[in-house]
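# Remarks on the overall topology
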Amino acid sequence: GREKFVEKVWEWRNEYGSIIFEQMRKLGISPDWNRTLFTMDESASNAVRDVFIKLFDEGLIYKGKKIINWSPLAQTALSDEEVEYREVREHLYTMKYRLVGSEDYLLVATVRPETIFGDVAVAVNPNDERYKNLIGKNVIVPLVGREVPIIADDYADPTFGTGCVKITPAHDPNDFLVGERHHLPQLNSINPDGTLNELTGEFNGLDRFVARKKIVKKLEELDLIEKIKDYVHNVGYSQRGGEPVEPYLSDQWFVSMQPLAEEALKVVQNGEIRFFPNHWVKTYEHWMTNIRDWCISRQLWWGHRIPAYYTEDGKYTAARSEREARIKLNLNEEAKLIQDPDVLDTWFSSWLWPLTAMRWNMDEGYNKTMTKFLPTDLLVTAPDIIFFWVARMIMANLKFAGKIPFKDVYFTSTIRDGKGRKLSKSLGNSPDPLNIIDKYGSDAIRFTTLYLSPLGQDIRMDVDVVSQDIPSMEIGRNFANKIWNAARFLQMKFDSIQNKEIHLNFDENNLTSADKWILSRLNNVIQKVNESLTNYRLNDFAKLLYDFIWKDFCDWYVEIVKIRFSQFQNDSDKLDLINFAFFIFEKILKILHPLMPFITEELWHNLFNKPAELSLSKSEFPKYNSSFNSIKIETNFQLVQLVIEEIRSLRASMVIPPSTKLPIYIRLQDEELIQIFSENQSALEDLAKSSNFLINSNNVPTKSVTSVVRNIEIYMELDQNFDINQELARLKKEEVRLVNNIGGAERKLSNEKFVQNADPEVVSYEREKLDNMRNSLQKVQLNITNLEKIITN
């Protein structure tokens, strides 16, 4: 029974309801946990009840018999938004409806012959010349034997099928409207469980799809089917049960949506509420301008019970209690009342969430929390509930609080597996978040998810639910390791200094070009981060930090710090160097904290001896300082990086092992660049694996390979033991291999059948491979030219 069932649900909720909180805490979500609220808590339940009563009293909630989406599996009404439409291949049956008193007949096509027992008319278009003379006459419904009229209605499309449409008001929403226009009876021939009822005679009790086959067979036996053909159309399926939804005439509770939707549409169109990405505005506008009344009653036991009370003779009202209902119905104390057994659609509770979460109730109106926090700045949600929840929250808030519930709405990406499917338990492709957190760490999950999710696009993740291995999660885990190792290096160097003290400030006059470069890069990133966060471009935010921290700070600046630290003799210089690196690193931790809260909090406390009661989350976010942001400084230092990378490329192309250090000669014209390269000479020597790094030397050796980077000439002297002829032979062999492979790839990509029929990802990969081979060929041919010059000289 109902009471025992509800008891069991509460037991389940008390045992398992905290799991999602545990997941949220482990993910580092940081609301005020003292304010948690459950939909069925007393304060929220009272608000839902009072809102129902108010809307009922205003005439915005009403009870009526309409065609609704019905779930035969759950035997409850469904909202339009709980129905998913799928393309289905079925049959179109053309049946013979004989004219009364004649051997002639009309041909009427349907995909649902099992509904003929509910037929009450056949409609033709009033402008269809074929049937004008038949309007007002009667036909006999095949198999049923009932005489029904031929009516004229624009709903009948002369260009579809035969132009004749069977009208079954109890089993089709369009037929229902036709029936209302022509005052036709409503005959329901299907039971709530999807079986046919007593109106169907020998088919009574059969499942609708089983009955369809038997009915078709019987129609064929009686020569009442003209033809059967394949037919592809969209069929609604229950989101929850997965079974085909039955359009069903039912007595339900509805909310009149049009009056509520008008204001809710305006606040989005005029920009009071902004959507990110903005393209969801069009979807919202379409739904709001074509909105239908909301069926809010559900034939379930769990949920908010509808606060409506009925007398024995069928009168009813909405009230907080039986006593209040008797007063509203002018009944005496002894009058017997029955409460409506149905519950409210769960979204009728949820549309009040911006209010109920702040403990609003209708009697008291605004409270201190609402004064401070309503409207909130941001709602983060999934786009597939834009109608279920977002639109309805806007309507409810405008109606009951007189203002918008939130200013911005950020629609998240949907995570899909490697095959492009949504993660779901039924498909078995949805791993337990807690298991993934245990394996990779919360920060890795947070970072990876945002790193892979451009605004408005879904994310594909290879999820193996058996082993819980998610290759893409390695991105976040490796990034966390990189940050941790950089912190450990700085800590080790700091610990090696005598008489040390952390001071997160610096003297601008003592900064090297490398220091000025990383300081400029930091401020450049702060500026772009602020732009990204302001526009909710979280993917850009993650990528900015990844590139800056991994490449600029760890791969370049930390390496330069390592070289400079080993060259300093006194602790004062070492301390200034590490303290400046700490200054940059502390700013990095603050910028990164919203994305990776756990590792940043841990490092901030460990590196800078912060007391336990302080939190990085409450510290000031770094501010952009334009005086430290210099395009010129960054451009000049980028040339240093490009030269080192080109030298590394030369070494790799000549297969020179890292242990072999060779002299490097470069020639520069710009005085400022000469100063920067001279200042970083020791770093250049170390990073380029050079035995000697000479700038503008007059004695460039003839036995060297050369390259040019933005007018900077590079000469790498070859070792005396280097066999030029052997290397030249190897390069020419590699040249032949690349030329052949490039030819094969070009032939494949010029084949139209391959390009048209192959997976787009395969074609893209082949093109990328071809580009890489062409680049490799250019470098090989340049090295061949260089070595041939050496031999000639």
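Structure: above.
Let me sum up the structure you'll find in this document. (Residues numbered from 1 in each chain as written. Predicted model: local features only at pLDDT ≥ 70, side-chain atom pairs only at ≥ 80, totals over all residues. Heavy atoms only, no water.)

Another point: the nonpolar core. Formed by 105 residues in total, the largest nonpolar core has its most connected members in Phe553, Phe585, Ile666, Phe677 and Leu787. The element best represented in this core is helix α17 (residues 538-567), accounting for 16 residues. Contact partners of Ile666, with chain neighbours within four places excluded, come to Val643, Phe677, Phe693, Leu694, Ile695, Asn696, Ser697, Ile712, Glu713 and Ile714. In terms of nonpolar packing, the next biggest core, distinct from the first, is built from 59 residues, Ile53, Ile61, Ile386 and Met395 among them. (Core = buried A, V, L, I, M, F, W, Y, C linked by side-chain atoms within 4.5 Å. Buried < 20%, exposed > 50% of the residue type's maximum accessible area, 1.4 Å probe, protein only. Helix = DSSP H or I, 4+ residues; strand = E, 2+ residues; numbered from the N terminus. Contact = heavy atoms within 4.5 Å.)

What follows is about unusual backbone geometry. With omega at 0°, the peptide bond leading from Phe276 into Pro277 counts as cis. Tracing the chain through its elements places Pro277 in the loop between β11 (274-276) and α7 (280-289). A cis geometry characterises the amide bond from Leu374 onward to Pro375, with omega recorded as 0°. Mapped onto the elements of the fold, Pro375 is located in the loop between α11 (368-373) and β18 (376-381). Positive phi outside glycine occurs at Gln75, with the angle close to 55°. The topology assignment puts Gln75 in the loop between β1 (61-71) and β2 (76-78). Phi angles above zero are rare outside glycine, and Arg710 is one such case at about 45°. Counting through the fold element by element, Arg710 comes out in the loop between β24 (704-709) and β25 (712-717).

Where helix α14 (residues 442-451) contacts helix α15 (residues 473-495), the two axes come as close as 7 Å, and the packing angle between them is 125°. Between α14 and α15, the interaxial angle falls into the category oblique. When you trace α14 past α15, the crossing you get is right-handed. On the side of α14, the interface is formed by Ala444, Ile445, Phe447, Thr448, Thr449 and Tyr451, while α15 contributes Met473, Ile475, Gly476, Arg477 and Phe479. Partitioned by chemical class, the residues of the contact of α14 with α15 number seven nonpolar, three polar and one charged. (Axes fitted to C-alpha atoms, helices over the stretch in contact; angles between N-to-C directions. Parallel < 35°, antiparallel > 145°, perpendicular 65-115°, else oblique. Left-handed = near helix turned anticlockwise from the far one by under 90°. Nonpolar A, V, L, I, M, F, W, Y, C, P; charged D, E, K, R; others polar.)

The next point concerns the pairing of strand β22 (residues 662-667). In terms of burial, β22 is a largely internal element, five of the six residues being buried. Two strands pair when backbone bridges link them, and β22 and strand β23 (residues 690-695) are joined in this way by five bridges, in the parallel orientation. By the bridge assignment, Pro663 is partnered in β23 with Asn692. Where β22 and β25 come together, four bridges link them in antiparallel fashion. (Pairing = 2+ DSSP bridges.)

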